[in-house]
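Spelled out from the first residue to the last, the chains are:
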Amino acid sequence: MNHLLTTLEIALRSSIDHLENLDKQPVAPTADYTQLRRQLGKPLADQGMAPEQVVSDLARDVEGGIMGSGSGRFFCWVIGGALPSAVAADWLAAAWDQNAGMYATSPAAAIVEEVAGVWLKDILGLPEQASFALVTGCQMAHVTCLAAARHHLLEQRGWNVEERGLSGSPTIRILASDQRHGSVDRAVRLLGLGTANMEYLATDSQGRLSPEALAKALEERPSDPAIVLVQAGEINIGSFDDFPAITEIAQKHGAWVHVDGAFGLWAAASPRYQHLMKGAALCDSWATDGHKWLNVPFDSGYAFVAHTESHRLAMTYRAPYLTHASETRDQMEWNPEWSRRARGFATYAALRELGREGVAALVDRCCQHATAIVAGIGKLPGAEVLWSPTINQGLVRFLDLQNEAPESKDTNSKSHDHFTDEVIAAINKTGEAFFGGTTWRGKRAMRVSVCNWRTTEEDVERTIRAAEQVLATMGNRSEAQHAAKT
Ligand SMILES: *Cc1c(COP(=O)(O)O)cnc(C)c1O
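Rules behind the numbers
- Residues numbered from 1 in each chain as written.
- Predicted model: local features only at pLDDT ≥ 70, side-chain atom pairs only at ≥ 80, totals over all residues.
- Heavy atoms only, no water.
- Patch = residues over 30% accessible without salt bridge, like charges linked within 9 Å, V, L, I, M, F, W, Y side chains within 5 Å.
- Areas by Shrake-Rupley, 256 points an atom, 1.4 Å probe, with all protein chains shown as cover.
- Salt bridge = Lys/Arg side-chain N within 4 Å of Asp/Glu carboxyl O.
- Helix = DSSP H or I, 4+ residues; strand = E, 2+ residues; numbered from the N terminus.
- Domains from an automatic or database assignment.
- Buried area = accessible area lost by both parts, 1.4 Å probe.
- Polar contact = N/O pair within 3.5 Å; in protein donor to acceptor, adjacent residues only side chain to side chain.
- Nonpolar A, V, L, I, M, F, W, Y, C, P; charged D, E, K, R; others polar.
- Pairing = 2+ DSSP bridges.
- Axes fitted to C-alpha atoms, helices over the stretch in contact; angles between N-to-C directions.
- Near = heavy atom within 4 Å.

A. Looking closely at a nonpolar patch on the surface. A surface patch of nonpolar side chains, about 280 Å² in accessible area, is lined by Leu12, Ile16 and Trp91. Take Ile16: it is sitting in helix α1 (residues 3-20).

B. The domain arrangement of the protein chain, seen in detail. Considered domain by domain, the protein chain is made up of domain 1 (98-342) and domain 2 (354-485). Measuring from the centre of the C-alpha atoms in domain 1 to the corresponding centre in domain 2 gives 34 Å. Carbon and sulfur atoms supply 61% of the area that domain 1 and domain 2 bury against each other, a total of about 2100 Å² over both sides. Taken as a group, Asn236, Ile237 and Trp293 account for 35% of the area that domain 1 buries against domain 2, more than any other trio of residues on that side. Scanning the region where domain 1 abuts domain 2 turns up one salt bridge. Across the pair Asp122 and Arg356 runs a salt bridge, and its minimum N-O distance is 2.7 Å. Put simply, domain 1 and domain 2 have nine residue pairs in polar contact (both at pLDDT 80 or more) between them. The residue makeup of the side of domain 1 that touches domain 2, split by class, is 12 nonpolar, six polar and three charged.

C. Looking closely at unusual backbone geometry. Of note, the phi angle at Trp77 is positive, near 40°, even though the residue is not glycine. Located in the positive-phi region is Arg441, a residue other than glycine, with phi close to 50°.

D. Quick look at the sheet that holds strand β5 (residues 256-260). Spatially, seven strands are ordered β1-β7-β6-β5-β4-β2-β3 in an open sheet, and the strand pairing comes out mixed. Either end of the sheet is taken by a strand with one partner, and the two such strands are β1 (131-135) and β3 (198-201). Each neighbouring strand pair of the sheet contributes to a mean axis angle of 20°, computed without reference to strand direction. Here five bridges tie strand β6 (residues 285-289) to strand β7 (residues 301-305), and the two strands are oriented antiparallel to one another. By the bridge assignment for β7, Ala287 is matched with Ala303.

E. Spatial organisation of the site of the ligand. Surrounding the ligand, one finds 13 residues, the nearest of these being Gln139, Asp260, Asp289, His291 and Lys292. A distance of 3.0 Å is found between an oxygen atom of the ligand and a backbone nitrogen or oxygen belonging to Cys138. Lys292 is positioned with one of its side-chain polar atoms (N or O) 2.8 Å from an oxygen atom of the ligand. The protein chains hide 84% of the 380 Å² of surface that the ligand would expose on its own. By residue class, the composition of the shell around the ligand is four nonpolar, six polar and three charged.

Below you can see the structure in the form of structure tokens.
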């Protein structure tokens, strides 16, 4: 028997079965922790088994524990699905089992990244001469970009950080807003920059960094090295910082401006939304994801750096046994890993499948669907729109109309916070759609995030209907309780 063939066929069938049935399956997982432990928590065997059995057991035992995040009705966090060509290219990356560390270990993988990097800069409106790295996600893109920033700012002050470390070095100030994503804090920690050196600047009503506050902070200590963290697509409402104003101020003080654009950077790909990215190309580094809005499978983030040499010097390492290519690009010169998965294939495939117009259409479609969901659910009894999407992120809150306690007349009341969480849980429980909650300006809200290529108008309608039914049932339940009491 040809084990390889039969094993891969089982995987192929299971994959197709999963993807073809996404519309019929509940979006939320249906099994609980105990059940999944029972299904999957097997003892480590002394003897192995046939690969076919391993794979068919696996496909069976995960039952109920696979999140329907590939579905068109998954709106929680900012996750995104996976395009057909990207899934297939990712399988091939595993089958080819290439080490994408250097050109010498896989010439094709190296070239594909070289090509994809150029395409990405083009589609994201970033400077042509910027260097790049394909990393595991936006988190590691922050680490890569901020390592370049750390090198650059300290090098200018005569301090070689790669050699001497940070003890005794000039302290780098990190100026950010309190709306930043936690992954930048983790990058700051990993790089030894220290979260105690982060300073939180004032923001406006949309969570955008105040250029005045930035100017004031930089003028206080004009010659200290500083990194300014800005956002393209804040996580709750998707707002964009004022890049032209911020870069002008930062440049005056030689500060490095880093953009967290995990999903928002993709606004640049759409003629309709690219005005939001105005001036972003003047920043010093940019971090984004392929596994969110581009709909590449997980393990795909991108780092871009305007100061090529600082980027390379922060990452490079040369050893006598490595074979470095002279005219081609060795990936390990630019990213923090050594041996690595050839993740470039999936990105290359996704960009070819969509083309420039396809990416723009994907972005536009997701934004339209997000707007329609927020408007549709926002019209239901008790629903209150807190943020109608500017791009693909919106917020809806649910007021507990049946609650007769006097304080619940106040829309800020905690009883509505609690009710909002209950409604989200009830919608998720229907299996029809999946949302997450957040706290925005002190109020609990349901966050609507659309970034899946699969989401259709039908999904939007199905989602609104599910919310409508949940609200009707919850309203009746409260009425029933009320009737029972009186
Ligand atoms: C998801 C996200 C991140 C982290 O990206 P990963 O790919 O999960 O590492 C950072 N910033 C923002 C705004 C995000 O949405």
